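Residues per chain, in single letters:
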Amino acid sequence: MAQLFWKTNFTPLYGLNSIISSQFDADRIDYLLRVAYLNSKEPRLLEVVSSIIFFEKEGYKGEEIDEKLSAYKGHLAEFFDEAYRTYRELQDMLGCTPA
């Protein structure tokens, strides 16, 4: 039931904090908004994002990651550009420095 709430009400973010702030502290709200953000994404897009993260953690950079994505996730090529944007958004959300 909660998943349906997030899926149907995530896009208009205004007011969401006020709806749940009386029940949760700021950290919990932040966490729930991040979960809602991920939940709103296409699963195949998240598959590419997780592959980018994996290849980066394995020490690959830039074009090397692009080559790996093409080799292993070529069937999801339509999601590559959006996956990089989503990955940058996630890094911003989490306060991570890009590698």
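Everything numeric here is computed off the predicted structure, so don't read it as measured data. (Residues numbered from 1 in each chain as written. Predicted model: local features only at pLDDT ≥ 70, side-chain atom pairs only at ≥ 80, totals over all residues. Heavy atoms only, no water.)

*Asks:* So what's going on with the packing of helix 4 (residues 43-57) against helix 5 (residues 62-73)? Residues and values would help.
*Replies:* Between helix 4 and helix 5, whose axes approach to 10 Å, the crossing angle comes to 130°. Our classification of the angle between helix 4 and helix 5 gives oblique. Helix 4 and helix 5 meet at a crossing whose hand is right-handed. Across from Glu47, Val48, Ser51, Ile52, Phe55 and Glu56 in helix 4, the residues of helix 5 making contact are Ile65, Lys68, Leu69, Tyr72 and Lys73. (Axes fitted to C-alpha atoms, helices over the stretch in contact; angles between N-to-C directions. Helix = DSSP H or I, 4+ residues; strand = E, 2+ residues; numbered from the N terminus. Parallel < 35°, antiparallel > 145°, perpendicular 65-115°, else oblique. Left-handed = near helix turned anticlockwise from the far one by under 90°. Contact = heavy atoms within 4.5 Å.)

*Asks:* Which residues make up the nonpolar core, and what values go with them?
*Replies:* With 14 residues, the main nonpolar core has Val48, Val49, Ile52, Leu69 and Ala83 as its most contacted residues. Elements with a contribution of two residues or more to this core: helix 4, helix 5 and helix 6 (80-94). For this core, the element with the most residues is helix 4, which contributes five residues. Non-local contacts of Ala83, meaning those with residues more than four positions away in its chain, are made with Leu45, Val48, Val49 and Ile52. (Core = buried A, V, L, I, M, F, W, Y, C linked by side-chain atoms within 4.5 Å. Buried < 20%, exposed > 50% of the residue type's maximum accessible area, 1.4 Å probe, protein only.)

*Asks:* Explain the confidence of the model for the chain residue by residue, including any values.
*Replies:* Mean pLDDT over the chain works out to 80, with 72% of the residues at or above the 70 mark. Of all the helices and strands in the chain, helix 1 (residues 2-9) carries the lowest mean pLDDT, 41, while helix 5 carries the highest, 97. A low-confidence stretch, residues 1-12 (pLDDT under 50), is modelled with 13 contacts involving residues beyond four sequence positions or located in other chains. (pLDDT = per-residue confidence, 0-100.)

*Asks:* Residues and numbers for helix 4, please.
*Replies:* Between its first and last C-alpha atoms helix 4 spans 21 Å; for 15 residues at 1.5 Å apiece the expected length is 21 Å, and the two agree. Within helix 4 the residues assigned to the buried category are Leu45, Val48, Val49, Ser51, Ile52, Phe55 and Glu56. Within helix 4, the buried residues cover an arc of 160° as seen down the axis, which keeps them to one side. For helix 4, the exposed residues set more than 90 degrees away from the buried face come down to Pro43 and Lys57. On its buried face, helix 4 is in contact with helix 5 and helix 6. Just downstream of helix 4 lies Gly59, where phi reads positive at about 100°. (Expected span 1.5 Å × (residues − 1). Arc of directions from axis to C-beta.)

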